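Residues per chain are reported as follows:
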Amino acid sequence: MASPDDIRSAVRRYLDTVANGSASDIAALYAEDGTVEDPVGTPPHVGRAAIEKFYSALASVRVSTELHNVRVAGDSAAFGFRVVTDTGDQTITIEPIDVMTFDENAQITSMRAFWSQDDISLG
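Note that the structure is predicted; figures quoted are calculated from it, not measured.

(A) How the structure looks around the side chain of Asp103. Relative to the elements of secondary structure, Asp103 occurs in the loop between β6 (97-102) and β7 (108-114). Of the side chains bearing the opposite charge, Arg48 lies closest to the buried Asp103, which forms no salt bridge; the N-O distance is 7.3 Å. Here Asn105 takes part through its backbone nitrogen, which lies 2.9 Å from a polar atom of the side chain of Asp103. Setting aside chain neighbours within four positions, we find Asp103 in contact with Ala2, Ala31 and Thr109.

This is the structure:
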């Protein structure tokens, strides 16, 4: 199992990569058979190819992220953060809570994002 420090580092690396990396870079943070359920209740994206396709929506926008807090228990982390997406015409702010599980190499095995339309702020 990855150490709590390795998991905290993986969470920070994930948020930094969402803000500054490509969809391929983000997908590489996941295990080969990783899953993304974003938001919770939608069909999961399974495997790196599907995960990369999901994150490819970020390619045409500017994104910034800010970690509010992270809690690690066992092989899992729950963390609250802010993500601001600037489309050029509009700024979209969401403050989700993500729950991730990790393998022994601190790669993400699953990510579940808790947010709804009520949590979106437009500017």
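Alright, that's what it looks like, and here's the rest.
(B) Inspection of the side chain of Ser110 at higher detail. Residue position: Ser110 is located in strand β7. One polar contact links Ser110 to Thr101, side chain to side chain, over a distance of 2.6 Å.

(C) Focus on the packing of aromatic side chains. Inspection of the entire model under this criterion finds five aromatic pairs. Judged by centre distance (5.0 Å) and plane angle (75°), the ring pair of Phe54 and Tyr55 falls under edge-to-face. Look at Phe54 and you get partly exposed, because its relative accessible area is 23%. Residue Tyr55 is classed as buried on the basis of its relative accessible area, which comes to 4%. Among the aromatic side chains, those forming a connected cluster through ring pairs are Tyr14, Tyr30, Phe54, Tyr55, Phe79 and Phe81.

(D) The arrangement of helix α1 (residues 4-20) in detail. Here α1 contains 17 residues, and its C-alpha end-to-end distance of 24 Å stays within 8% of the 24 Å for a straight helix at 1.5 Å per residue. For α1, the set of buried residues is Ile7, Ala10, Val11, Tyr14, Leu15, Thr17, Val18 and Ala19.

(E) Summary view of the nonpolar core. Tyr14, Tyr30, Tyr55 and Met111 are the most contacted members of the largest nonpolar core, which has 28 residues in total. Those elements giving two or more residues to this core turn out to be α1, α2 (23-27), β1 (30-37), α3 (48-55), β3 (62-73), β4 (76-86), β6 and β7. Aside from chain neighbours lying at most four places away, what touches Met111 is Tyr14, Tyr30, Thr35, Val36, Glu37, Asp38, Tyr55, Asp98, Val99 and Met100.

(F) The pairing of strand β5 (residues 91-94), seen in detail. Pairing analysis gives four bridges linking β4 to β5, with the strands arranged antiparallel. By the bridge assignment for β5, Asp86 is matched with Thr91. Two strands pair when backbone bridges link them, and β5 and strand β8 (residues 120-122) are joined in this way by three bridges, in the antiparallel orientation. Bridge pairing in β8 links Ile94 to Ile120.

(G) Region of the structure containing the pattern of salt bridges. Counted by the stated rule, this structure contains six salt bridges. Where Arg112 meets Glu37, a salt bridge forms, and the shortest distance between an N and an O atom there is 3.0 Å. Residue Arg112 is located in strand β7, and its partner Glu37 is located in strand β1; the two are separated by 75 residues in the primary sequence. Its relative accessible area of 34% is what places Arg112 among the partly exposed residues. Glu95 is the salt-bridge partner of Arg82, the closest N and O atoms lying 2.7 Å from each other. One end of the pair, Arg82, is in strand β4; the other, Glu95, is in the loop between β5 and β6, with 13 residues separating them in the sequence. If you follow the salt bridges from partner to partner, you end up with Glu66, Arg82 and Glu95 in one network.

What counts, and where the lines are drawn
Residues numbered from 1 in each chain as written. Predicted model: local features only at pLDDT ≥ 70, side-chain atom pairs only at ≥ 80, totals over all residues. Heavy atoms only, no water. Helix = DSSP H or I, 4+ residues; strand = E, 2+ residues; numbered from the N terminus. Buried < 20%, exposed > 50% of the residue type's maximum accessible area, 1.4 Å probe, protein only. Lys, Arg positive; Asp, Glu negative; His and termini not counted. Salt bridge = Lys/Arg side-chain N within 4 Å of Asp/Glu carboxyl O. Polar contact = N/O pair within 3.5 Å; in protein donor to acceptor, adjacent residues only side chain to side chain. Contact = heavy atoms within 4.5 Å. Phe/Tyr/Trp six-rings, centres within 6.5 Å; stacked < 30°, edge-to-face > 60°. Expected span 1.5 Å × (residues − 1). Core = buried A, V, L, I, M, F, W, Y, C linked by side-chain atoms within 4.5 Å. Pairing = 2+ DSSP bridges.

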